[in-house]
Amino acid sequence: MKILVLYAEIMGYTESLLEEIISQGNEILVIHWDNKKLTSFKLNRKTSFKSIGRSNFSLISLIRFCIEFNPKVVIVSGWTDKFYLPVCFLLKLLGKKIVCTLDT
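Undergrad: Before we go on, may I ask you to explain helix α2 (residues 59-69) in this structure?
TA: At 3.6 residues per turn, the α-helix brings residues three or four places apart onto the same side. Here α2 has its buried residues at Leu62, Ile63, Cys66 and Phe69. The buried side chains of α2 occupy one side of the element, clustering within an arc of 130° when seen end-on. In α2, the exposed residues that point more than 90 degrees away from the buried face are Arg64 and Glu68. In this fold, the buried residues of α2 make contact with β1 (2-7), β2 (27-32) and α3 (84-93).

Laid out in structure tokens, this is it:
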């Protein structure tokens with residue numbers, strides 16, 4: 001299954017969880033904050049999932065990219081990132097499942 005993850009700051013435990021989901025035969029693409037982070041954690045470059053920094057996208061390019069990726073499920077880390085909300089809204093209109101997570 002193709003899973004799109006729209007995340008704020010990935011941490012070690014997030015990385016481990018995503019690796020476990022991949023080990024069950026899923027494909028994951030992660031878009032995450034790479035600027036103005038609150039922590040110094042750096043993603044392990046040997047991960048099994050592709051990750052792209054959120055700073056690489058304008059709102060329109062992010063929407064286009066996510067629609068083109070065509071995930072079955074979208075995991076979004078809350079509603080803090082104002083670009084992620086319209087992406088989820090449009091993907092939901094296209095019949096994709098949206099899962100909102102909170103990490104507090």
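Undergrad: What exactly am I supposed to notice about the packing of aromatic side chains here?
TA: Each aromatic ring pair is summarised here by two numbers: the centre-to-centre distance and the angle between the ring planes. Going through the model one piece at a time under the given rule, you end up with one aromatic pair. Arranged with centres 5.2 Å apart and planes meeting at 55°, the rings of Phe57 and Phe65 form a pair that is tilted. According to the relative accessible area criterion, Phe65 is partly exposed, its value standing at 28%. One residue, Lys2, lies across the ring of Phe69, its end atom 4.4 Å from the ring centre.

Undergrad: Got a minute to help me understand α3 in this structure?
TA: Among all positions of α3, only Tyr84, Val87, Cys88 and Leu91 are buried. Looking down the long axis of α3, one finds its buried residues gathered within 95° of arc, a one-sided arrangement. Turned more than 90 degrees away from the buried face of α3, the exposed residues are Phe89 and Leu93. Looking at the packing, one finds that the buried side of α3 touches β1, β2, α2, β4 (73-76) and β5 (97-100). Just past α3, the residue Gly95 takes up positive phi, approximately 90°.

Thresholds applied
Residues numbered from 1 in each chain as written. Predicted model: local features only at pLDDT ≥ 70, side-chain atom pairs only at ≥ 80, totals over all residues. Heavy atoms only, no water. Buried < 20%, exposed > 50% of the residue type's maximum accessible area, 1.4 Å probe, protein only. Helix = DSSP H or I, 4+ residues; strand = E, 2+ residues; numbered from the N terminus. Arc of directions from axis to C-beta. Contact = heavy atoms within 4.5 Å. Phe/Tyr/Trp six-rings, centres within 6.5 Å; stacked < 30°, edge-to-face > 60°. Lys NZ or Arg CZ within 6 Å of the ring centre and 35° of its normal.

Just geometry here; none of it tells us what the structure is for.
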